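Residue-level structural notes
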Amino acid sequence: MRTFPQALLDKSVICTLLELVQLVWKSCKAEQDDQFVPVYWFTSQSLGITLQLPDSIAYRKTLCERFAACAKRWLELAGKAAPMELETLLQVYLSTPCDDDLNYEPHIGHALALEVGNGIKYSMAPSVDSGAAVVALPPNSAPFAYRLGLRDYLRGFIGQGTDLQALKKFLSDIYQLAKENPGMPLPEGGSSMREVIDKMHHATHHLVAAPRVDRELARLLVWVPLTLFDEGLMRATSHMWTTLMVERADIEVLIMVELTIAWTWLIQQHQGLFSQRFEPKSPFAAKMAYTPSDKSARSRGYAIISRALAPHMLLIEFIMQRFDSVKHLPHSNFNVINAILRILQVTFDNLQRITTNALARGPLFLLVHLGFKLLKLGFESSPILETKLRDGLYKIAFRWFALPPRWSFSGSKATLAKEIQILID
C-alpha cells in the first residue's frame, strides 16, 4: 500500500473496503441484539458479499478495531497520492443507497468515508497554526460536505429536465467573450464568476448522467476556465474534471487532448507562466530614492503576479495528480502520459517565453517535478524519447539557476512552504 496507494482508487475497491468495515461492525452489534443466539453470517445486499465470523465477541471487537484502523490508514495514503480522485470516489460511495438506509441504522462505513473525506488535504501548504483547536472538525470538512450535497442536488435537478441548449449557449457566450480578452475579469453588468461556476457544475453532472458524451459541452468545460484563467474558477474546475474522469472514463481522452491544445494556446496568448508582463527590471533603471520601501505597493504587485500565476499552478497540480492516480494502470495511463509529453515538448520549444519573475518558481519547479516523475516511469522501448525529455527538463531547470539571483518580495509562508516541498520531492 505504501508503494502503490493509488491501487485503492477504484469504485469497487472503495465500496468493498468500506462495506467490509460495516459488516465487521455489525458482527459486534449482534451481541446487543441477542446475546444467547449468536449470528455467524453477515451480508451486504448492495455488493452481494457474505462474511462468516466466529462467535467470540472479543475477537470481533479486536478485528473491527484493527480493520477500521487499517482501512482509514490505506484511504489516507491514497488521499495523499490523489486527493481529488479519492474525494470523488468517496462521494460516489456516500451517494449510493445502502442496505441500512430504510432502517436509519448507524453506518460505520459511511462515517469512516466522511472522516477521511473531511481530512483530505489538497495543497502542499502547511496547516494554519491557530494554537488551540478552534473546531473539532478538520478545515476541509466544510467544502467536502458542500460538494457532496451539491452533487446529490444536481443529480436530482437533472432528472427534472435541464435546458441543455440554454446551458451550452451560456457557456459558449462566456467562452467567446473571454477569448477576446484572455485572462481578464468578466465585464461588470454581465454574468458573474459565481454564475459561471454554477453553470459548469450543471454541465459536469449532466455529462456524467447522460447516456452519450456531448463532445461540445465537454470541450466548453475545458476552454471556459482556461480562457478566463481565474484562480477560483480553476480550483473548482479541477474538481469537475476529476469527477468527469472518475465517473465517465470515456471522457478522459477528450479532456486530455483539449488540455494539450489549450496549453499551446496559453503560450501563444502569453498567459500565466508564459506571461511577459512581469519580467524583472534592472535595479539601475530605477531612480535612487532615500525613502523607506513602500510595503503596500509591494503587496499590490505580489497580488497581481500571484493572480496571474496561480491558475497555471493549479493546472499543473491537476495534471500531476491525474498522472499519480493512473501511472500504475497500463490500460488507462497511455492518454495521460501522451498529454504530459506533448505539454512538456511544447514547453521545451518555447523555453524563452517562460517568465523569469521570482514568483514563477512554484509552477516552474512543479513542471520540472512532473517531468522527473515521468522519467521514473521508464522509457525502455524509446531511449531517444527519454533522452529528449531529460535534456529538455535539465534545460528548463538550469536556465532558472543560470539567471542572476533575485530577491523574492513575496511574504506568503504558504507559497514558500510549497516551493520547499517541491524541491524536497
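Below: a short report on this structure. (Residues numbered from 1 in each chain as written. Predicted model: local features only at pLDDT ≥ 70, side-chain atom pairs only at ≥ 80, totals over all residues. Heavy atoms only, no water.)

A separate point is the overall build of the chain. Broken down by element type, the chain carries 15 helices and two strands. The buried share among the 425 residues of the chain stands at 46%. Intrachain contacts of the chain at a sequence separation of at least 6 include 78% that bridge at least 24 residues. Here the chain displays about 22,700 Å² of accessible surface, and carbon together with sulfur accounts for 58% of that area. (Helix = DSSP H or I, 4+ residues; strand = E, 2+ residues; numbered from the N terminus. Buried < 20%, exposed > 50% of the residue type's maximum accessible area, 1.4 Å probe, protein only. Contact = heavy atoms within 4.5 Å. Areas by Shrake-Rupley, 256 points an atom, 1.4 Å probe, with all protein chains shown as cover.)

Turning our attention to unusual backbone geometry. With glycine set apart, most residues show a phi of negative sign, and most peptide bonds adopt trans. At phenylalanine 229, a residue that is not glycine, the phi angle is positive and equals roughly 50°. Along the chain, phenylalanine 229 falls in the loop between α8 (215-228) and α9 (231-247). Given the relative accessible area of 5%, phenylalanine 229 is considered buried. One non-glycine residue, histidine 270, adopts positive backbone phi at about 55°. Residue placement: histidine 270 occurs in the loop between α10 (252-268) and α11 (295-326). With relative accessibility at 37%, the residue histidine 270 sits in the partly exposed group.

This paragraph deals with helix α13 (residues 361-377). Taking 1.5 Å per residue as the helical rise, α13 with its 17 residues ought to reach 24 Å, and the 25 Å between its terminal C-alpha atoms agrees with that figure. With 13 of 17 residues buried, α13 lies mostly within the body of the structure. Trailing α13 by a residue or two, glycine 378 shows a phi angle of about 95°, which is positive. (Expected span 1.5 Å × (residues − 1).)

Following both chains from N to C, one finds α11 and α13 inclined at 15°, their axes separated by 9 Å at the closest point. With respect to each other, α11 and α13 are oriented roughly parallel. Between α11 and α13 the crossing geometry is left-handed. Taking contact as the criterion, the partners of Met313, Ile316, Glu317, Ile319, Met320, Phe323 and Asp324 in α11 are, on α13, Gly362, Pro363, Leu366, Leu367, His369, Leu370, Lys373, Leu374 and Leu377. (Axes fitted to C-alpha atoms, helices over the stretch in contact; angles between N-to-C directions. Parallel < 35°, antiparallel > 145°, perpendicular 65-115°, else oblique. Left-handed = near helix turned anticlockwise from the far one by under 90°.)

Considering all chains together, one arrives at six aromatic pairs under this definition. A connected cluster of aromatic rings, assembled from ring pairs, spans Tyr175, Trp223 and Trp265. Positioned above the aromatic ring of phenylalanine 170 is the side chain of lysine 199, whose terminal nitrogen or guanidinium carbon lies 5.7 Å from the ring centre. (Phe/Tyr/Trp six-rings, centres within 6.5 Å; stacked < 30°, edge-to-face > 60°. Lys NZ or Arg CZ within 6 Å of the ring centre and 35° of its normal.)

With 17 residues, helix α12 (residues 333-349) should reach 24 Å at 1.5 Å per residue; the first-to-last C-alpha distance of 24 Å fits that figure. Within α12, burial applies to Asn333, Val336, Ile337, Ala339, Ile340, Leu341, Ile343, Leu344, Val346, Thr347 and Phe348. At its buried positions, α12 is contacted by α10, α11, α13 and α14 (383-402).

Moving on: a nonpolar patch on the surface. On the surface, Val253, Val257 and Ile261 cluster together into a nonpolar patch covering about 210 Å² of accessible area. Structurally, valine 253 is set in helix α10. Given a relative accessible area of 38%, valine 253 falls into the partly exposed group. (Patch = residues over 30% accessible without salt bridge, like charges linked within 9 Å, V, L, I, M, F, W, Y side chains within 5 Å. Salt bridge = Lys/Arg side-chain N within 4 Å of Asp/Glu carboxyl O.)

Here we take up the nonpolar core. By size, the foremost hydrophobic cluster in this structure holds 86 residues, and its most contacted members are Val196, Leu226, Leu259, Trp263, Leu374 and Leu389. Top element by residues in this core is α11. It accounts for 13 residues. Setting aside residues up to four positions removed in sequence, leucine 259 forms contacts with Val222, Leu226, Trp241, Leu315 and Phe318. (Core = buried A, V, L, I, M, F, W, Y, C linked by side-chain atoms within 4.5 Å.)

A few words on the environment of glycine 392. The topology assignment puts glycine 392 in helix α14. In this structure, the C-alpha to C-alpha distance between glycine 392 and phenylalanine 348, residues 44 residues apart in sequence, is 5.7 Å.

Relative to the elements of secondary structure, cysteine 98 occurs in the loop between α3 (83-95) and α4 (108-118). Taking the C-alpha atoms as reference points, cysteine 98 and leucine 47, separated by 51 residues in sequence, lie 9.2 Å from one another. Setting aside anything within four residues of it in sequence, one finds cysteine 98 in contact with His107 and His110.

Moving on, we get to the side chain of serine 238. Note that serine 238 resides in helix α9. Residue classification places serine 238 among the buried residues on the basis of a relative accessible area of 5%. In this structure serine 238 touches Met84, Leu314 and Phe318, once residues within four positions along its chain are discounted.

Burial along strand β1 (residues 41-44) is one-sided: Phe42 and Ser44 are buried, and none of Trp41 and Thr43, which face the opposite way, are. When β1 meets strand β2 (residues 49-52), the two strands line up antiparallel, connected through four bridges. The residue bridging threonine 43 from the neighbouring strand is threonine 50, located in β2. In this structure, the hairpin formed by β1 and β2 is closed by a connection of four residues, where glycine 48 is found at a positive phi of approximately 70°. (Pairing = 2+ DSSP bridges.)

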